[in-house]
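An overview of the molecular structure
Each chain is listed here by its residues.
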Amino acid sequence: MPLRRIAVLGLTILALTLGGSRGNSGPPAPPPSAPVAAVPVVAEHQEPTVQPSVPNPMPSPSASSPVIAPGDGPAGTVRKTGSDAVALTFDDGPWDDTPAVLDLLAQHHVKATFCMVGRQVAARAEMIRRMVAEGHTLCNHSWSHDEMLRTRTPDHIRSDMQRTNDAIRAVAPGAVIGYFRAPGGNWSPDIVSIAAGLGMTSISWTVDPRDWSGPGVQSIVNTVLTKTRPGGIVLLHDGAGPQTVAALRTILPDLAGRFTLIALPAPTSVAQTGRSETAGQLRRW
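First, a word on what this report is: a plain description of the structure on this page. (Residues numbered from 1 in each chain as written. Predicted model: local features only at pLDDT ≥ 70, side-chain atom pairs only at ≥ 80, totals over all residues. Heavy atoms only, no water.)

Attention shifts here to unusual backbone geometry. Glycine aside, negative phi is the norm for most residues, and most peptide bonds take the trans geometry. In this model, Gly93 is joined to Pro94 through a cis peptide bond whose omega is -5 degrees. Structurally, the position occupied by Pro94 is in the loop between β1 (86–93) and α2 (98–107). In this model, Ser142 sits at a positive phi of 80 degrees, which is unusual for a non-glycine residue. Mapped onto the elements, Ser142 comes out in the loop between β3 (137–140) and α4 (154–171). One non-glycine residue, His145, lies in the positive phi region at around 60 degrees. Position of His145 among the secondary structure elements: in the loop between β3 and α4. Given a relative accessible area of 22%, His145 falls into the partly exposed group. (Helix = DSSP H or I, 4+ residues; strand = E, 2+ residues; numbered from the N terminus. Buried < 20%, exposed > 50% of the residue type's maximum accessible area, 1.4 Å probe, protein only.)

Quick look at the structure:
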């Protein structure tokens, strides 16, 4: 074959080869009328978008968080009523003399606050129910009058208080127990804080005739009548024996003639929400 024809034929083959590679880079497109096969839609997994952080407002107190303002007594206890009214409080009961105390209070139309020892409640259930029925205020005074309670662990203190509340409510279902008083007045910040967590305001006192020591009827009378001031909280003992009962026969008419005698206010919100606002109520009286 002449050399010229061979060269022309080679160039033609080369052109066809290059043109074919460009035109056949993929499968031929289907004709316009051909149906397009459906392809399943698969959502692509993506990391969630993180929005810029915005400071949240301070959370509101929960229903179980007490709202109790500290008082000016030991460890932040409340020791005044906050007004000219005077509160009579009775510790260490219920005892056999408690009905006589209740009789005298009823006779003089006086309401009081009873701080009770838990282990003594079940045997004197009727006395507790009478207190509630006659409008007196209930107070937790620990399970066994453990004067070293403040040295115990927080769990022990809380269990002691709860056990006492449970004993009281077992004989007086639904009873409001808005207060706690430490045995012997041996306070600690832990005791006050744990009582608050159970919806109880810790109460101290301004007048103490030490009637539990048997100082004599006239000594009890003199101390209470000369030291009681407007807004005071008087400490007495319904389990101290007949001296206190005898002294009340003079104390009650005298104080009632000079002061408004009250029971510490029963915080109804405690039973419903676990919160207590008694300290605020005491200050507003």
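Before going further, it helps to examine the environment of Asn186. Structurally, the position occupied by Asn186 is in the loop between β4 (177–180) and α5 (189–197). In the structure, Asn186 is positioned 18 residues away from Ser204 in sequence and 10.0 Å away in space, judged by C-alpha atoms. Excluding residues that lie within four positions of it along the chain, Asn186 makes contacts with Glu147, Arg150 and Ile191. Here the side chain of Asn186 touches Glu147 through a polar contact of 2.8 Å, landing on its backbone oxygen. (Contact = heavy atoms within 4.5 Å. Polar contact = N/O pair within 3.5 Å; in protein donor to acceptor, adjacent residues only side chain to side chain.)

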